[in-house]
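So you can see what is in the structure, the chains are spelled out below.
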Amino acid sequence: MYFRQERPSFPVRYFPYPILLVILLSIFSSVIFSWGQNSRPVVQNIEFHGDFGLSDKELSRSMRLQPGTVFIDDSVSAALVRLQRQLNAHGFLFARIDSVVIYTDSLHASVTLNVYGHSGQPVKTGELYINGDSLQSPDYASNLQMLKDQPYSDRRIEEGIHQLLRAAAERGHPFARAEVTDVRFRKAEDQTVADVYIRMEQGPPVYIKNIVLRGNTYTKPYVILRELDVRPGQPFRQSALNAARKKLYRLNIFKEVKEPLILSAGEDSVLVQIEVEEGNSTNFDGVIGYIPGGGRAGDPEGYFTGLLHLSFNNLFGTGRGFYVNWEKLDRLSEEFRLEYREPWVFRIPMDLGLRLERIVRDTTYIQWEYRLGASLHIFDELNFLFSMNQVNSFPDSVASREQRLLRNRVINGELGIEYDTRENSLNPLGGLYFKNTYSFGLKTNYGPSYILTEDKIEKKENIQTLKLWFEWYYNVWSNQVFALRLNGRQIKGNNLQITDYFWLGGARSVRGYREKQFSGDITAWASLEYRFVLSRNSRIFLFNDWGFYRNPANTENTGEILMGYGAGVRFDTPLGVLGVDYGLGKNDTFSQGKIHFGIINRF
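About the cut-offs
- Residues numbered from 1 in each chain as written.
- Predicted model: local features only at pLDDT ≥ 70, side-chain atom pairs only at ≥ 80, totals over all residues.
- Heavy atoms only, no water.
- UniProt positions renumbered as here; feature names shortened; annotations may be inferred.
- Helix = DSSP H or I, 4+ residues; strand = E, 2+ residues; numbered from the N terminus.
- Buried < 20%, exposed > 50% of the residue type's maximum accessible area, 1.4 Å probe, protein only.
- Contact = heavy atoms within 4.5 Å.
- Phe/Tyr/Trp six-rings, centres within 6.5 Å; stacked < 30°, edge-to-face > 60°.
- Lys NZ or Arg CZ within 6 Å of the ring centre and 35° of its normal.
- Salt bridge = Lys/Arg side-chain N within 4 Å of Asp/Glu carboxyl O.
- 1 Å grid on protein atoms, 1.4 Å probe; cavity = no way out; pocket = protein on both sides within 12 Å on 5 of 7 lines; lining within 4 Å.
- Points joined across faces, edges and corners; volume = space filled by probe spheres on them.
- Axes fitted to C-alpha atoms, helices over the stretch in contact; angles between N-to-C directions.
- Parallel < 35°, antiparallel > 145°, perpendicular 65-115°, else oblique.
- Left-handed = near helix turned anticlockwise from the far one by under 90°.
- Nonpolar A, V, L, I, M, F, W, Y, C, P; charged D, E, K, R; others polar.
- Pairing = 2+ DSSP bridges.
- Core = buried A, V, L, I, M, F, W, Y, C linked by side-chain atoms within 4.5 Å.
- Polar contact = N/O pair within 3.5 Å; in protein donor to acceptor, adjacent residues only side chain to side chain.

Looking up the chain in an unreviewed UniProt entry gives the name POTRA domain-containing protein, with the organism given as Caldithrix abyssi. The Subcellular location (unreviewed entry) comment attached to the chain in UniProt states, word for word, "Membrane".

Here it is in C-alpha cells:
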C-alpha cells in the first residue's frame, strides 16, 4: 500500500476570469497542451529505506520513474511491479515492499517517493535435475552447469532451457521439448538454494528427407547444394543449417538469402527449405570523362579518362566468374585486366583463378602480369591460398636512361592464409577479416647492358614480398558499426625499382589523395570509419585514413605520413553498389577535396 502526505500550503490566488480568458485565447493549442502536461507535478527524488541488496540507482532505473518525469498516481503501482521483478531477477525471491509514502511540495510542483521494504538474502541456483524417457541426462546436464550457484531467476532458467533445446537440435532432435516441473527450496548452510527439476522429451532422431530450393531461377541447383554441409539422408544438425546462410552469401551472387525453414515430413524426417533472391548476374558499368585541350596552338590536345567494367558474376548459372576492367587515370596512364574464376575445381572446395593484366604508367614503363591462383577452403572461415605469377616490365628508353630502369622478368610463388568471419563482405555488421601472404620471386634483369655494367647489377636476383590485411567490425548499436581496417606491404631485394614498388592513395587506401599518387617499397595504411547502416548493402559514414610510404629512389622525399578524412555513402543501384567518398588530405582546403567514385557490381 502507499499513502500520500501533504505539507501545509498557502492559499493560491486565482486570476480573474476575463484576464485568464484573454491569455487562453492568445496562445496556440499546442502550447496549451504542453502547459497542461507541465502543470502536473514531476518526480523530484526516489528514496529507498531498508536493505534492498541493490544500489539506489539500479532500483530507480527499474521503476522507470526518473527525476524530472511527470508523476501520475496510477504509475506507482506499475513501477512497484517492475521493482519487484528486478529484485526477483537478481535472486531476491522473498523481497517485499512494505509501503510507499509520497510527499508533495507546497506548490504541488514536485513529489518525493519514499519506498520502504527489504530484499532478504538472494536465492542461489542449486542442483538441476533433467528427467525424461530414453534421455542421456549427463550429456545435457553439462549445458546447465553455468547456472549453478548463480542467483536464481526465471529468466536464467528459461535461457538454460533454450540452451538444452539447441543442444538437442544439434544432436538430431529439433522437435525436443523441455519444461520446468518443480522448484524446491532448501537451506544450505546460511543460504537458501533452489533445486530445479526439468522434464525433457527428445523425441525420435530426425533425418533430412530432402532439401527444397526456391528463388534460384537462373542459378543451377548444384551450385547451392554443394556449398551446404547437409545432404538428404543425413541426421539433422542445427549448426550446419546455421552456417548455410553465411556460405551462400559469400558466393556473392545472391542479393538475399533467407533463414532456412524446417518443415516436418513425418515423425522422423524433415524438409529443409532454402530461399534465395538472385542478384544481377551480368553487369556493364563505367564512367567516361573528357579533358579538353588548351585550344591554342602548341597546347596539349584533349583526352579521355574513365572506368569501364564488365562482369559476369554467375556465368551460365554455374557460379563461375568472368571480369573485364579498363581504367584510364590520365592522358598517358591506363590499366586493363581480364580475370576468370572457376569454383570447385576437381569437385573439391577449391577456387581457381586466372588473370591477365596490362599497366601503362605514363611514359615510364609498360608492365604485363600473368597469374594463376587458387583458394582452398579448409574450414568454414579459413582458406589456404597459393599462386604463381609472372611480371614482365618494359621501361621507356628515356626513362630507362634517366631513372636507371631495367627491363626485367619476375616469377613469383606465393603462399598465404585467409580468415573471414564476416557474413556480408560488402557491408558487415560485425566480424573479423585477416589475410597474410608471403611470396618469393626470381628476378631476371635483361638490360640495357650498360646499366648492368655501370651500376654493377647482377643479372639474377631474389625478391621477397610480405602482405598483411586486417579488418575488424564492431556493432555499436543496432544500425551503427565501427570499422577498423589495416594494410601493410613490404618488398625486399638488392636492386628494386619503381616497377617493383607498391602504390598508395585514392579510394582503396588513403582517401583525400589522387589514385596511386605515392609509391614505395614499404606502404601501410589504416582506416577508421563510423558507419550508419541503412540496409544490407547501403550505408553512410565518416572516415579518417592514415598512410605511410617509403621510397628509397626519391632522394628528395624518401617517405612521409599521410592523413585523410571525410564522409562517404554506399547504396544499391541496378548496376551494383555505388560508392561516393569525399576526402580531404593533409592541409587541404574544402575546395581541394577529392571525390572518389566507384561501383561494386557484386552481391
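So, about the overall build of the chain. Within the chain, the regular secondary structure consists of ten helices and 29 strands. Classification of the 603 residues of the chain by burial places 40% in the buried group. When contacts within the chain are restricted to residue pairs at least 6 apart in sequence, long-range pairs at least 24 apart make up 55% of them.

On to the packing of aromatic side chains. Taken as a whole and assessed by the stated rule, the structure comprises twelve aromatic pairs. Between Phe-48 and Phe-52 the ring centres are 5.9 Å apart and the planes differ by 75 degrees, which places this aromatic pair in the edge-to-face class. Counting every residue linked through ring pairs, the aromatic cluster contains Trp-472, Tyr-474 and Phe-482. Positioned above the aromatic ring of Trp-469 is the side chain of Lys-435, whose terminal nitrogen or guanidinium carbon lies 4.7 Å from the ring centre. Sitting over the face of the ring of Phe-543, Arg-511 holds its NZ or CZ atom 3.9 Å from the ring centroid.

We now examine the pattern of salt bridges. In the structure shown here, the tally under the stated rule is 35 salt bridges. Note that Glu-159 and Arg-155 form a salt bridge whose closest N and O atoms lie 3.1 Å from each other. With Glu-159 and Arg-155 both in helix α6 (residues 154-170), this residue pair falls four residues apart, about one helical turn. Across the salt bridge formed by Glu-423 and Arg-245, the nearest N and O atoms sit 3.1 Å from each other. Linking Glu-423 in the loop between β19 (407-420) and β20 (431-447) with Arg-245 in helix α8 (residues 238-249), this pair joins segments that are 178 residues apart in sequence. Connected via shared salt-bridge partners are Arg-485, Arg-511, Glu-529, Arg-531, Asp-545, Arg-570 and Asp-581.

Turning next to the layout of surface pockets. If you add up the space inside the second largest pocket, you get close to 260 Å³. As for the second largest pocket, its lining consists of 14 residues, of which Gln-403, Leu-405, Gln-497, Ile-498 and Ala-553 are closest to the centre.

Quick look at the packing of helix α3 (residues 56-63) against helix α4 (residues 75-89) now. Running from amino to carboxyl end, α3 crosses α4 at an angle of 130 degrees, the nearest separation of the two axes being 7 Å. Taken together, α3 and α4 sit at an angle that is classed as oblique. In the crossing of α3 with α4, the sense of the turn from one axis to the other is right-handed. Of α4, the residues touching α3 (which contributes Leu-59, Ser-62 and Met-63) are Ala-79, Leu-80, Arg-82, Leu-83, Gln-86 and Leu-87. Tallied by class, residues from the contact of α3 with α4 come to six nonpolar, two polar and one charged.

Strand pairing within a sheet occurs via backbone hydrogen bonds; the two strands may be parallel or antiparallel. With respect to topology, three strands assemble into an open sheet ordered β5-β7-β6, the strand pairing being mixed. Because the sheet does not close on itself, it has two edges, and the strands there are β5 (123-131) and β6 (177-188). In this sheet, neighbouring strand axes are inclined to one another by 20 degrees on average, regardless of whether the strands run parallel or antiparallel. Alignment of β6 against strand β7 (residues 191-201), held across eleven bridges, turns out to be antiparallel. Along β7, the bridge assignment pairs Ala-178 with Met-200. Set on the sheet, α6 makes contact with β5, β6 and β7; between it and β6 the angle comes to about 135 degrees.

Its place among the elements puts Lys-258 in the loop between β9 (254-257) and β10 (261-266). Under the relative-accessibility criterion, Lys-258 is labelled partly exposed at 44%. In this structure, the C-alpha to C-alpha distance between Lys-258 and Gln-273, residues 15 residues apart in sequence, is 9.5 Å. Residue contacts for Lys-258: discarding those within four places in its chain leaves Arg-245 and Glu-275.

It is worth spelling out the nonpolar core at this point. Counting 22 residues, the largest nonpolar core has Ile-46, Phe-48, Met-63, Leu-83, Leu-87, Leu-113 and Val-115 as its most contacted members. Listed by contribution, the elements that provide at least two residues to this core are β2 (42-49), α3, α4, β3 (96-104) and β4 (110-118). In terms of residue count, α4 provides more of this core than any other element does, five residues in total. Filtering out sequence-adjacent residues up to four positions away, Leu-83 remains in contact with Phe-48, Leu-59, Ser-62, Met-63, Ile-97 and Val-115. Val-230, Ala-244, Phe-254 and Val-257 belong to the second-largest nonpolar core, a separate cluster that totals 21 residues.

Further remarks concern α8. Because each turn of an α-helix spans 3.6 residues, side chains separated by three or four positions end up pointing in the same direction. Buried within α8 are the following residues: Ala-240, Leu-241, Ala-243, Ala-244, Arg-245, Lys-247, Leu-248 and Tyr-249. Of the surrounding secondary structure, the elements contacted by the buried residues of α8 are α7 (221-225), β9, β10 and β11 (269-278).

Below, the discussion takes up the side chain of Ser-400. Within the secondary structure, Ser-400 is located in helix α9 (residues 397-403). A distance of 2.7 Å separates a polar atom in the side chain of Ser-400 from the backbone oxygen of Leu-405. Not counting the four nearest positions on each side in its chain, Ser-400 is found in contact with Pro-395, Leu-405, Pro-448 and Ile-451.

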